[in-house]
Amino acid sequence: MGDNMEEEVERPSTPTNQSQASASYMLFMRIMSKRRTWVCIFVLVYAIILTSSWNFLKSILSWYNLHSQSQPSSSSSSSSYGWAALYASVLLGAVFGVVSMVAALAVVVPATMVTWIAIVVLLAFFGKPRRALVVEGRKITREIVGFVIRILLKEGSLVAAVCAVLGYSALVGRNTEVD
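The rules behind each value
- Position numbers for residues count from 1 along each chain, tracking the sequence in the order it is written.
- Where totals are concerned, whole chains, interfaces and linings use all residues; where local detail is concerned, this predicted model gives features only for residues with pLDDT of at least 70, and gives and counts side-chain atom pairs only at 80 or more.
- The basis for every side-chain value is the complete set of non-hydrogen atoms in the structure, without hydrogens or water.
- Starting at the N terminus, helices and strands are each numbered in turn, a helix being any DSSP run of H or I of at least four residues and a strand any DSSP run of E of at least two.
- Each residue is placed in one exposure class: buried if its accessible area under a 1.4 Å probe, protein chains only, is under 20% of its type's maximum, exposed if it is over 50%, and partly exposed if it falls in between.
- Residue contacts are defined here by distance: any two heavy atoms, one from each residue, within 4.5 Å place the two residues in contact.
- Pairing of aromatic side chains requires ring centres within 6.5 Å, counting the rings of Phe and Tyr and the six-membered ring of Trp. Pairs whose planes differ by under 30 degrees are stacked, by over 60 edge-to-face, and all others tilted.
- Exposure above 30% relative accessible area and the absence of a salt bridge qualify a residue for a patch, where like charges join within 9 Å and nonpolar side chains (Val, Leu, Ile, Met, Phe, Trp, Tyr) within 5 Å.
- Values of accessible area rely on a 1.4 Å probe in the Shrake-Rupley scheme; residue burial ignores everything except the protein chains shown.
- In what follows, salt bridge is the name for a side-chain nitrogen of Lys or Arg lying within 4 Å of a carboxyl oxygen of Asp or Glu.
- How sure the predictor is of each residue is captured by pLDDT, a score from 0 to 100.
- Charge assignment: positive for Lys and Arg, negative for Asp and Glu; neither His nor the chain ends contribute.
- Where a charge lies is defined by one atom per residue type: Lys uses NZ, Arg uses CZ, Asp uses CG and Glu uses CD.
- Joining through side-chain atoms within 4.5 Å is the link that ties buried Ala, Val, Leu, Ile, Met, Phe, Trp, Tyr and Cys residues into a set, and such a set is a nonpolar core.

(A) Highlighting the overall build of the protein chain. Scanning the protein chain from N- to C-terminus turns up 4 helices and 0 strands. In the protein chain, the order of α-helices and β-strands from amino to carboxyl end is α-α-α-α. The burial tally for the protein chain puts 20% of its 179 residues in the buried class. Long-range contacts, defined as pairs at least 24 residues apart, comprise 73% of the intrachain contacts of the protein chain with a sequence gap of at least 6.

(B) View of the packing of aromatic side chains. Taken as a whole and assessed by the stated rule, the structure comprises 1 aromatic pair. For the pair Trp63 and Tyr87, a centre-to-centre distance of 5.2 Å together with 70° between the ring planes defines the contact as edge-to-face. Here Tyr87 lies in helix 3 (residues 75-125) and Trp63 lies in helix 2 (residues 35-70), a separation of 24 residues in the sequence. The partly exposed category is assigned to Tyr87, whose relative accessible area is 47%.

(C) Summary view of the environment of Trp63. For Trp63, a relative accessible area of 34% puts it in the partly exposed group. Between the C-alpha atom of Trp63 and that of Ala88, which follows or precedes it by 25 residues, the distance is 8.3 Å. In contact with Trp63, other than residues within four places in its own chain, are Ala84, Tyr87 and Ala88.

(D) Structural detail: a nonpolar patch on the surface. Among the surface-exposed residues, Leu105, Val109, Met113, Ile117, Val121, Leu122, Phe125 and Phe126 lie close enough to one another that they form a single nonpolar patch of about 830 Å² accessible area. Mapped onto the secondary structure, Val109 falls in helix 3. Overall, the relative accessible area of 44% leaves Val109 in the partly exposed class.

(E) Fine view of the confidence of the model for the protein chain. Of the residues in the protein chain, 79% have a pLDDT of 70 or more, and the chain-wide mean is 75. When mean pLDDT is compared element by element in the protein chain, helix 4 (residues 130-178) scores highest at 82, while helix 1 (residues 2-32) scores lowest at 62. Scored below 50 in pLDDT, residues 4-13 shows 0 contacts in the model against residues more than four places distant or in partner chains.

(F) Summary view of a positive patch on the surface. On the surface, a cluster of positive charge is made up of Lys128, Arg138, Lys139 and Arg142. Locating Lys128 in the fold gives a position in the loop between helix 3 and helix 4. Since its relative accessible area comes to 36%, Lys128 is described here as partly exposed.

(G) A look at the nonpolar core. Ranked by size, the top nonpolar core spans 11 residues in total: Ile49, Leu57, Ile60, Tyr64, Ala84, Ala85, Ala88, Leu92, Val95, Val99 and Leu171. Listed by contribution, the elements that provide at least two residues to this core are helix 2 and helix 3. No other element matches helix 3, which puts 6 residues into this core. Counting 8 residues, the second largest nonpolar core, distinct from the first, contains Ala104, Leu133, Ile140 and Leu152.

(H) Quick look at the side chain of Thr112. Among the secondary structure elements, Thr112 is positioned in helix 3. You can call Thr112 buried: its relative accessible area is 17%. Apart from the residues lying within four places of it in its own chain, the contact partners of Thr112 are Ile144 and Val148.

(I) Examining the environment of Tyr168 more closely. Inspection of the secondary structure puts Tyr168 in helix 4. Counting along the chain gives 78 residues from Tyr168 to Val90, while the straight-line C-alpha distance between them is 8.0 Å. Not counting residues up to four positions away in its chain, the partners in contact with Tyr168 are Gly82, Ala85, Leu86 and Ser89.

(J) Just the side chain of Ser89, in detail. Looking at where Ser89 falls in the secondary structure, it is placed in helix 3. Once residues within four sequence positions are removed from consideration, Ser89 is found in contact with Ala164, Gly167, Tyr168 and Leu171.

Written out as structure tokens, the structure is:
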């Protein structure tokens, strides 16, 4: 009988805790199911990425300006200008390459998920047993992720190379105008 009293005391607090947890979970799910929420998260993440990359780009350019102004005019300093411009342009290309890969990743992930879901649903409609469906789903996931990573690396490297070449020509062109 003493045990029943303890259970009765615990029971009223448990449904309240469960209802509070359930209510907060439902509120969280309602908020996260809105498209506006995902758009805001997307914009916030991109704002953080662009701000940090912009600050990094400004620091690279200020380093380059400081390095190019501190060297006196001579034949050895012209090669030093070239190395500083090469170093700065490679860093600029790397920053733009990484930012472009992150931007592409934000577009690729939802498209990949839709593709994966469509393939698994089609396999289920064609009568694959559940165990075979799980095995095929894992294989498909591995193939899709590998394909996406290869494409992202190719495109990011291409953007980085193009930006590095353009950055180098802009920095060297700027130095010849100054001289």
